[in-house]
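Letter by letter, the chains look like this.
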Amino acid sequence: MNELHRTAIVADAHNDLLMLVARRPKEVWGSYFRDRWIPQLRDGGIDVQVLPVFIDDEFRPEGSLRETLRMIEAAHQIAEANADQVALCRSGAEIEAATAAGKIALVLALEGCPQIDTDVELFHTLHRLGVRVISFTHFGRSALADGSGEDAAGSRLTKAGVEAVGLLEELGVLIDVSHVGRGGVEHILELATKPLIATHSSAYALRPHHRNLTDDQVRAIAATGGVVCVNFFAGFLTEDEKPTIQHLADHVEHLVAVAGEDHVGLGSDFVAEVFGEKVPACDLPVIIEGLDAQVYVPGLEGPAGMPLVTDALVERGLSEAVVRKVLGANLVRVLGTTDRS
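About the cut-offs
Residues numbered from 1 in each chain as written. Predicted model: local features only at pLDDT ≥ 70, side-chain atom pairs only at ≥ 80, totals over all residues. Heavy atoms only, no water. Salt bridge = Lys/Arg side-chain N within 4 Å of Asp/Glu carboxyl O. Buried < 20%, exposed > 50% of the residue type's maximum accessible area, 1.4 Å probe, protein only. Helix = DSSP H or I, 4+ residues; strand = E, 2+ residues; numbered from the N terminus. Pairing = 2+ DSSP bridges. Phe/Tyr/Trp six-rings, centres within 6.5 Å; stacked < 30°, edge-to-face > 60°. Lys NZ or Arg CZ within 6 Å of the ring centre and 35° of its normal. Arc of directions from axis to C-beta. Contact = heavy atoms within 4.5 Å.

Chemist: Give a description of the pattern of salt bridges that names residues and reports values.
Modeler: The tally for this structure, following the rule as stated, stands at 16 salt bridges. Across the pair Lys26 and Glu27 runs a salt bridge, and its minimum N-O distance is 3.3 Å. For the pair Lys26 and Glu27, a shared accessibility class is recorded, and that class is exposed. Residue Lys325 is joined to Asp262 by a salt bridge in which the shortest nitrogen-to-oxygen separation is 2.7 Å. Of this pair, Lys325 sits in helix α14 (residues 320-335) while Asp262 sits in the loop between α11 (245-259) and β9 (264-267), and the two are 63 residues apart along the sequence. A residue is classified by how much of its surface remains accessible, and Lys325, at 22% relative accessible area, is partly exposed. Exposure remark for Asp262: the relative accessible area of 33% places this residue in the partly exposed category.

Chemist: Give me the lowdown on the pairing of strand β2 (residues 48-53), citing residues and values where you can.
Modeler: Burial of β2 is extensive: six of the six residues sit out of reach of the surface. Neither face of β2 is open: one carries Val48, Val50 and Pro52, the other Gln49, Leu51 and Val53, and all of them are buried. Bridge analysis of strand β1 (residues 11-12) against β2 gives two bridges, and the strand direction is parallel. Looking at the pairing, Asp12 lines up with Gln49 of β2. In terms of strand pairing, β2 meets strand β4 (residues 104-111) through six bridges, oriented parallel. Note that in β4 the partner of Gln49 across the bridge is Leu106.

Chemist: Summarise the packing of aromatic side chains; cite the residues concerned and give the values.
Modeler: Using the criterion set out here, one finds two aromatic pairs in the structure. With a centroid separation of 5.6 Å and an interplanar angle of 85 degrees, the aromatic rings of Phe232 and Phe270 are classed as edge-to-face. One end of the pair, Phe232, is in the loop between β8 (227-231) and α10 (234-237); the other, Phe270, is in the loop between β9 and α12 (272-278), and 38 residues separate them in sequence. As far as burial versus exposure is concerned, Phe232 and Phe270 are alike and both buried. When the centroid spacing of 4.7 Å and the interplanar angle of 55 degrees are considered together, the rings of Phe233 and Phe236 count as tilted. The pair Phe233 / Phe236 is uniform in exposure class, with both members buried. Sitting above the plane of the Tyr32 ring, Arg24 keeps its charged end 3.9 Å from the centroid. Looking at Arg182, its charged tip hangs above the ring of Tyr204, at a distance of 5.1 Å from the centre.

Chemist: With reference to specific residues and values, describe helix α5 (residues 92-100).
Modeler: For α5, the complete set of buried residues consists of Gly92, Ile95 and Ala98. One side of α5 holds all its buried residues, which, seen down the axis, span an arc of 125 degrees. Exposed positions of α5 whose direction lies more than 90 degrees from the buried face are Glu96 and Ala100. Packing partners of the buried residues in α5 comprise β2, β3 (86-88), β4 and α14. Positioned one or two residues after α5, Gly102 has a phi angle of 80 degrees, which is positive.

Function cannot be read off these values alone, since they describe shape.
So, in structure tokens, the structure goes:
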């Protein structure tokens with residue numbers, strides 16, 4: 001780990017590790033996280049980790065809310081059981097205090113809203129439980145918005161989705177446009193009065209996949225004061241069958257050029273361990289939106305590889321100040337906007 005990476009605040013806007021914690025018996029949540037994930041996060045120099053709550057199809061629709069609460073409870077328990085190492089944070093001030101104390105700051109997010117349906121008043125409940133980032137949908141359709149996999153429908157937000165934008169801004173919860181379809185992103189941009197975030201999206205200009213953001217969308221998110229966090233998923237970076245970290249660096253450079261150095265971050269979307277544990281051999285290969293989900297950028301299969309990103313950006317000639325912003329300062333700044341006045 002080079003000195004720049006070691007001394008920078010490194011923040012990752014999207015790692016689904018909470019799925020693996022919650023599928024274990026509750027009695028071992030804390031010890032499993034300590035033994036399996038804290039070493040990986042430390043090896044990667046990660047100071048701030050956003051933990052999305054994603055609900056697998058097996059729980060939808062009836063079990064969505066119950067599984068959401070289980071995963072949130074798991075997050076609270078791993079923080080309490082490992083209070084010497086991590087802290088579950090609800091504000092920018094708490095993130096700053098945790099990192100200053102040498103702890104990893106954990107921030108709860110919601111990826112998709114199957115547990116909400118049109119009952120947007122439940123966002124109050126989730127906010128009380130510590131959720132500070134919310135996306136309205138995944139690849140498909142929710143009661144709030146369409147995912148990017150539904151772009152052919154050309155849909156904007158539903159009535160409940162419009163209501164949700166206003167409520168989340170009132171609560172001080174960041175609205176995440178990753179996974180939201182093109183029409184929905186445009187609608188959110190029309191309504192938003194506070195910074196937006198894309199927790200794990202890359203550049204459509206370099207890889208024209210519906211999960212990525214166009215340059216116009218990137219500029220508009222930046223104009224809100226928000227941040228676009230580059231996704232490490234190989235299929236969203238390149239069509240090359242042999243992806244490299246240089247493809248990731250290409251996306252970072254492009255987004256910095258389009259959005260400006262204050263509006264780009266990292267959202268790893270590490271899935272190798274999730275798929276390795278959850279997907280049985282009979283269901284292989286894992287194909288997501290036409291892409292082989294088990295093709296990874298070498299070295300970036302998990303959090304421990306994060307220092308490689310710093311090395312690649314330095315090799316590109318990005319200044320130390322810009323690299324520090326991309327590694328985490330920009331994301332931490334935007335997470336700080338969840339503090340309610």
